[in-house]
Amino acid sequence: MTSGRYAVARAVLGDAAQARLASARMLVVGAGGIGCEVLKDLVLLGVGHLEIVRAALTQIDLDTIDLSNLNRQFLFQKQHIQKPKAEVAKASASAFNPGVEIVAHYGNVQAPEFGLAFYRQFDVVLSALDNLATRRYVNRMCVAANVPLVESGTAGFLGQVQPIRAGETECYDCTAHPTPTTFPVCTIRSTPSTPMHCIVWAKSWLFPQLFGEDDDAGDAELDEAARSGENAAEIENLRREAHQMRTLRAELMDTPAEAAQKIFDKVYDVDIRRLLTMDDMWERRRRPEPLTLGAARADHEAPAQTEVLKDRQSLSLADTAQLFLDSAQALAARAKTSAPLAFDKDDADALAFVTAASNLRAHVYHIPRQTQFETKQIAGNIIPAIATTNAIVSGMAVVQALHMFAARWDAMRIVSVARRTTRVFTTFPPAPPNAACGVCSDMYLGTDVDPAATTLGDILSVVRQPTEAGGLAYAEDAEISVADGARILYDLDLDDNLEKTLQELHVGAGSTLSVVDEDAQKVTVQLLLQAAPTKTPVVHWPGDTPQAVRARRPLPKAAEPESESDVEAVDAPKRTADAERDSSRKRRAPADSDAPAKRAHADAEPTAPSGSSEEAAIVLE
């Protein structure tokens, strides 16, 4: 090793603290674009023990390496395609510094083995995830385990790093984050109005109907739509269409060329003509125009551009129709000889089919068509990734982790990365916790139980026991409820479950029981259940010393006038000609202004108010 290998760590920590890095234990959750960079940086810094967890969320995405990963995830090479990311990342990173111990976990980050005890063994956790659900889970586990967390994310040229210390700073859930968009069934199936509607229809309905699992999942979706109050008549029509599609699916496996043409005419002509008979549906919408295969083939559009990359070319209507037929037949041949297919953005046949099917539907509904590149971005929920941004954000995340390891809490900063003409970085100290946060305002306690023997009544007994006996010290007459997620298992009006075991209530190791004070005097207590051979629940307190449940922090209240006499009506000031000109200039100012409204001046480091500033707190999902 060269003497300069650990120069950055020494500069941040000092010689003594840098030497202690050899015994540090850090966890990296995620082994994608940011995760690979973070892992490489930590290895080169000489962190003694590293563990990687790569979350496998669904059976479709098993977190293996895809060809599309190689342009920015530099621990992977072409020979690693289809191999688990965490395991390959471990092998590649170990070559940089064999003295670092790396443990790779390939599995679901929300599995019971990654519970409270798992997180408590680390000095710092670094989150490098790309979806809201697992980010929130990791945030919650770090708050529960009282382990510092560095949250990071990128989107194109934008990026952000957020250091989180339970009880001292905002956690990830202290501020709202946009949730994935969903659409009503009738909008997707009958009245699309955007390219996304058409792509979701092709990817999530037509593709699985023809090539996916041959089951009745679509019926369950329609049942839910009916319960939600969507158009009942249209839902019944959709049921009939689904049945007809199952018949065509069987034909597609036997006579793919003929069946593909029948499917084309059904979904773009017959079904559309049926919709046009429902006059009330089109009172305020532009009517779609049915399209037959013959009409599509006879369409004389301008030829596709040839001077751009193939996946960025706009196909003619005739070429789009042919692409639909060719890709449908190719997928049918695969589905007949192998397991049912699932959409994969990196599957050439699947992407071609979804591109063609969605663009034909867009043509019918007078919606702009998308290139294959654009379709891939939308269908794969892709936010453009830039390797340089990943590297910058990863470096900033590791710097925050070093501050945490050395307990230099005052040095922690939220870091925002954006393209501006005067500066790239905006930094400010983390805000204090949000009193209304439903995560970091709670109290978390690991609790040993035997799900097959421990009853809900046993849980309640521990809740009522005094702290000297290891209980939560709730009075016998205190109004409390016990819930498993959204399921209420016990309250004063519901005591039928007290004699049932946790197993009978479908509660097991890895579950969390919420003990809620209905009088809102105490914080909610989250009991994180851990399997143990004990009928009587055993609560593990921080420091092994039982303590009273904390009082709930009062929520800030908006100031109100003491009386009506304090309210004064004020006329709007008259605008002068100079003011009109100033206002016009402000409206014409570019979005990437050198002087954002929330910054005092260009060289000043902005201080975040209570709650992250809108400019710097980029929401990256």
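Residues numbered from 1 in each chain as written. Predicted model: local features only at pLDDT ≥ 70, side-chain atom pairs only at ≥ 80, totals over all residues. Heavy atoms only, no water.

Trainee: Go over the overall build of the protein, please, and point to the residues and values.
Mentor: Looking only at helices and strands, the protein has 18 helices and 14 strands in total. Taken over 621 residues, the protein has a buried fraction of 48%. Partitioning the intrachain contacts of the protein with sequence separation of at least 6 by distance along the chain shows that 69% fall at a separation of at least 24. Per element, the accessible surface of the protein, about 30700 Å² overall, is 52% carbon and sulfur. (Helix = DSSP H or I, 4+ residues; strand = E, 2+ residues; numbered from the N terminus. Buried < 20%, exposed > 50% of the residue type's maximum accessible area, 1.4 Å probe, protein only. Contact = heavy atoms within 4.5 Å. Areas by Shrake-Rupley, 256 points an atom, 1.4 Å probe, with all protein chains shown as cover.)

Trainee: Can you lay out the sheet that holds strand 11 (residues 487–490) for me, pointing to particular residues and giving the numbers?
Mentor: Pairing in this open sheet of six strands is mixed, and the strands run 11-10-12-13-9-14 from one edge to the other. On the outer flanks of this sheet lie strand 11 and strand 14 (538–540), each paired with one strand and no other. Adjacent strand axes in the sheet meet at a mean angle of 35° when their direction is disregarded. Note that strand 10 (residues 480–484) and strand 11 share three bridges and pair antiparallel. Each bridged residue has a counterpart across the sheet, and for alanine 483 the counterpart in strand 11 is isoleucine 488. The strands touched by helix 17 (residues 456–464) are strand 9 (443–449), strand 10, strand 11, strand 12 (512–517), strand 13 (525–531) and strand 14; relative to strand 10, the strand with the most contacts, the crossing angle is about 135°. (Pairing = 2+ DSSP bridges. Axes fitted to C-alpha atoms, helices over the stretch in contact; angles between N-to-C directions.)

Trainee: Please provide a residue-by-residue account of the packing of aromatic side chains, values included.
Mentor: Enumeration according to the criterion identifies 13 aromatic pairs in this entry. Ring plane angle 65° and centroid distance 5.0 Å describe the contact between phenylalanine 114 and phenylalanine 118, whose orientation is recorded as edge-to-face. Each member of the pair, phenylalanine 114 together with phenylalanine 118, is buried. Judged by centre distance (5.3 Å) and plane angle (70°), the ring pair of phenylalanine 118 and phenylalanine 122 falls under edge-to-face. The same class applies to phenylalanine 118 as to phenylalanine 122, namely buried. The rings of Trp201, Trp205, Phe207, Phe211, Phe264, Tyr268, Phe324, Phe343 and Phe353 are connected pair by pair, giving a single aromatic cluster. The cationic tip of arginine 312 hangs over the ring face of phenylalanine 373; the distance from NZ or CZ to the ring centre is 3.8 Å. The cationic tip of arginine 361 hangs over the ring face of tryptophan 201; the distance from NZ or CZ to the ring centre is 4.3 Å. (Phe/Tyr/Trp six-rings, centres within 6.5 Å; stacked < 30°, edge-to-face > 60°. Lys NZ or Arg CZ within 6 Å of the ring centre and 35° of its normal.)

Trainee: Report on the side chain of threonine 501, specifying residues and quantitative values.
Mentor: Tracing the chain through its elements places threonine 501 in the loop between strand 11 and strand 12. Exposure remark for threonine 501: the relative accessible area of 13% places this residue in the buried category.

Trainee: Summarise the packing of helix 14 (residues 348–364) against helix 15 (residues 372–379); cite the residues concerned and give the values.
Mentor: One can describe the packing of helix 14 onto helix 15 by two numbers: an axis separation of 10 Å at closest approach and a directional angle of 100°. Relative to helix 15, helix 14 is oriented roughly perpendicular. Across the interface between the two elements, Leu351, Ala352, Val354, Thr355 and Ser358 of helix 14 pack against Gln372, Thr375 and Lys376 of helix 15. Here the contact of helix 14 with helix 15 is built from residues that sort into three nonpolar, four polar and one charged. (Parallel < 35°, antiparallel > 145°, perpendicular 65-115°, else oblique. Nonpolar A, V, L, I, M, F, W, Y, C, P; charged D, E, K, R; others polar.)

Trainee: Break down a negative patch on the surface for me, with residues and values.
Mentor: Taken together, the side chains of Glu476, Asp477, Glu479, Asp493, Asp495, Asp496, Glu518 and Asp519 present a region of like negative charge at the surface. Tracing the chain through its elements places aspartate 477 in the loop between helix 17 and strand 10. (Patch = residues over 30% accessible without salt bridge, like charges linked within 9 Å, V, L, I, M, F, W, Y side chains within 5 Å. Salt bridge = Lys/Arg side-chain N within 4 Å of Asp/Glu carboxyl O. Lys, Arg positive; Asp, Glu negative; His and termini not counted. Charge placed at Lys NZ, Arg CZ, Asp CG, Glu CD.)

Trainee: Just give me the short version of helix 6 (residues 132–145), but keep the residues and values in it.
Mentor: Here helix 6 contains 14 residues, and its C-alpha end-to-end distance of 20 Å stays within 8% of the 20 Å for a straight helix at 1.5 Å per residue. The buried fraction of helix 6 is high, at eleven of 14 residues. Restricting attention to buried positions, one finds in helix 6 the residues Leu132, Thr134, Arg135, Tyr137, Val138, Asn139, Met141, Cys142, Val143, Ala144 and Ala145. (Expected span 1.5 Å × (residues − 1).)

Trainee: Let's hear about the packing of helix 8 (residues 195–211) against helix 15: which residues, and what values?
Mentor: The packing of two helices is summarised by the inter-axis angle and the distance between the axes. Direction vectors running N to C along helix 8 and helix 15 enclose 75°, while the axes themselves pass 10 Å from each other. Accordingly, the angle class assigned to the pair helix 8 and helix 15 is roughly perpendicular. Here helix 8 contributes Met196, Ile199 and Lys203 to the contact with helix 15, which in turn contributes Thr375, Ile378 and Ala379. Residues belonging to the contact of helix 8 with helix 15 are distributed by class as follows: four nonpolar, one polar and one charged.

Trainee: Describe in detail the pairing of strand 12, supporting the description with residues and values.
Mentor: Put simply, side chains in a regular strand alternate between the two faces of the sheet. Strand 12 sits mainly inside the fold: five of its six residues count as buried. Across five bridges, strand 10 lies against strand 12 in antiparallel orientation. Across the sheet, residue valine 482 finds its bridge partner in strand 12, namely valine 515. Both strand 12 and strand 13 contribute to a ladder of four bridges, which runs antiparallel. Residue valine 515 lies in a different strand from strand 13, and its bridge partner there is valine 525.

Trainee: Outline the pattern of salt bridges, supporting the account with residue identities and numerical values.
Mentor: Counted by the stated rule, this structure contains 15 salt bridges. A salt bridge links lysine 345 to aspartate 346, with the shortest nitrogen-to-oxygen separation between them at 3.6 Å. What makes aspartate 346 partly exposed here is its relative accessible area of 29%. Here the salt bridges share partners, and the residues they tie into one network are Glu37, Lys40 and Asp41.

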